[in-house]
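# Coordinate analysis (summary)
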Amino acid sequence: MVVDMELLRDEIGHWAAGGSGGSASELVERLRVRTAVLLEGPSDLAAVETLAARRGRDLAAEGVCVVSMGGAMNVGRYAALLGPTGLGLRLTGLCDEREQGFYVRGLERAGAAPGGIFVCVADLEEELVRTLGTARVEEIVETEGDLRAWQTFVRQPAQHGRSRQQQLRRFLGTKKGRKIRYGHLLVEALDPDTVPAPLDDLLASL
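What comes next concerns the included structure. (Residues numbered from 1 in each chain as written. Predicted model: local features only at pLDDT ≥ 70, side-chain atom pairs only at ≥ 80, totals over all residues. Heavy atoms only, no water.)

Read across the sheet, 4 strands follow the order β2-β1-β3-β4 without closing on themselves; strand pairing throughout is parallel. With partners counted over all chains shown, the strands left at the sheet margins are β2 (64–68) and β4 (117–120), one partner each. Neighbour-to-neighbour, the strand axes of this sheet turn through a mean angle of 15 degrees, independent of strand direction. Relative to β2, strand β1 (residues 35–39) runs parallel, the two being bridged by 5 bridges. (Pairing = 2+ DSSP bridges. Helix = DSSP H or I, 4+ residues; strand = E, 2+ residues; numbered from the N terminus. Axes fitted to C-alpha atoms, helices over the stretch in contact; angles between N-to-C directions.)

See below:
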């Protein structure tokens, strides 16, 4: 099922890029997908899937396809393909506050209710750092072998005057793949009863 859902994600991405949607449509029907979760990028996807696994949920088996769109500005295209005007799936998603307008307009144009959008103030990384606290995040950075890179980063002139929280958020995005890895690690480190509201509410809605 997991492999099939990965294939479906690939087919949806191909379709959104201008390819044929036949394979995606067939897979949606075969996998009995009922909901598509539209996310800005792969680090958000890692966080959502990690929290679901921690709570013993198999989203693929529940008919939920979590999709990384490669940026919020693509939401209109994905919503049109997957929502009421396309494959007829229920749409929901997670976005940054500054990107909320793209989501609202995209879902409305696709005939979907925008009420299923869950909004992070800055982004999900900021929500996770704030929830865990900077000391705990720095512990994780050290455990992961990134302490030297982190110490070098905070000495850069551009980081002077920024809060520790802002520095950590920026650090997570400075190397390819780091945001994805920490999207998983930071969610793994959360207290089960203390999860950022946008992420917690999204999962509860599925």
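We are not done yet, so read on.
Every buried residue of helix α8 (residues 147–154) is accounted for by Trp150, Phe153 and Val154. The arc enclosing the buried residues of α8, seen along the axis, measures out at 90 degrees, which places them on a common side. Of the surrounding secondary structure, the elements contacted by the buried residues of α8 are α7 (134–143) and α9 (164–172). (Buried < 20%, exposed > 50% of the residue type's maximum accessible area, 1.4 Å probe, protein only. Arc of directions from axis to C-beta. Contact = heavy atoms within 4.5 Å.)

Once that is clear, we can look at the packing of α7 against helix α10 (residues 178–189). Between α7 and α10, whose axes approach to 11 Å, the crossing angle comes to 125 degrees. When the interaxial angle is binned, α7 and α10 end up oblique. Like other packed secondary-structure pairs, α7 and α10 cross with a definite hand, here right-handed. Facing Arg136, Val137, Ile140 and Val141 of α7, the residues of α10 in contact are Tyr182, Leu185, Leu186 and Ala189. Within the contact of α7 with α10, the residues separate by chemical class into 7 nonpolar, no polar and 1 charged. (Parallel < 35°, antiparallel > 145°, perpendicular 65-115°, else oblique. Left-handed = near helix turned anticlockwise from the far one by under 90°. Nonpolar A, V, L, I, M, F, W, Y, C, P; charged D, E, K, R; others polar.)

So, about the pattern of salt bridges. Considering all chains together, one arrives at 15 salt bridges under this definition. Between glutamate 49 and arginine 9 there is a salt bridge whose closest N-O contact spans 3.1 Å. Remark: arginine 9 occurs in helix α1 (residues 2–16) and glutamate 49 occurs in helix α3 (residues 42–54); sequence separation between them is 40 residues. One salt bridge in this structure joins glutamate 144 and arginine 181, with 3.0 Å as the shortest N-O distance. (Salt bridge = Lys/Arg side-chain N within 4 Å of Asp/Glu carboxyl O.)

Attention now goes to the packing of aromatic side chains. Given two aromatic rings, one states the distance between the centres and the angle between the planes to describe the pair. Applying the stated rule across the entire model yields 3 aromatic pairs. Centroid distance tryptophan 150 to phenylalanine 171: 5.3 Å. Interplanar angle 70 degrees. Geometry classified as edge-to-face. Of this pair, tryptophan 150 sits in helix α8 while phenylalanine 171 sits in helix α9; the two residues are 21 residues apart in sequence, bridging distant segments of the chain. Owing to a relative accessible area of 1%, phenylalanine 171 belongs among the buried residues under this scheme. When the centroid spacing of 5.6 Å and the interplanar angle of 55 degrees are considered together, the rings of phenylalanine 153 and phenylalanine 171 count as tilted. Residue phenylalanine 153 is located in helix α8, and its partner phenylalanine 171 is located in helix α9; the two are separated by 18 residues in the primary sequence. By way of ring pairs, the aromatic residues Trp150, Phe153 and Phe171 are connected into one cluster. Over the ring of phenylalanine 171 we find arginine 178, and its NZ or CZ is 4.1 Å from the ring centre. (Phe/Tyr/Trp six-rings, centres within 6.5 Å; stacked < 30°, edge-to-face > 60°. Lys NZ or Arg CZ within 6 Å of the ring centre and 35° of its normal.)

It is worth spelling out the nonpolar core at this point. Counting residues in hydrophobic clusters, the biggest one holds 36 residues, and the most contacted among them are Leu39, Leu59, Val66 and Leu186. Of all the elements, α3 adds the most residues to this core, at 5 residues. The contact partners of leucine 186, leaving out residues within four places of it in the chain, are Leu128, Val129, Leu132, Val137, Ile140 and Leu172. Leu8, Ala72, Val75 and Ala112 belong to the second largest nonpolar core, which has 30 residues in total. (Core = buried A, V, L, I, M, F, W, Y, C linked by side-chain atoms within 4.5 Å.)

This part takes up the side chain of glutamate 126. Here glutamate 126 lies in helix α6 (residues 124–132). When neighbours within four sequence positions are excluded, glutamate 126 is seen to be in contact with Val121, Gln165 and Arg169.

Bringing the packing of α6 against α10 into the picture now. Geometry of a packed helix pair, given as the angle between the helix axes and the separation of the axes. At their nearest, the axes of α6 and α10 sit 10 Å apart, and the two run at 35 degrees to each other. Pair α6 / α10 crosses with left-handed handedness. Across the interface between the two elements, Glu125, Leu128, Val129 and Leu132 from α6 touch Lys179, Leu186, Val187 and Ala189 from α10. Looking at side-chain class alone, the contact of α6 with α10 contains 6 nonpolar, no polar and 2 charged residues.

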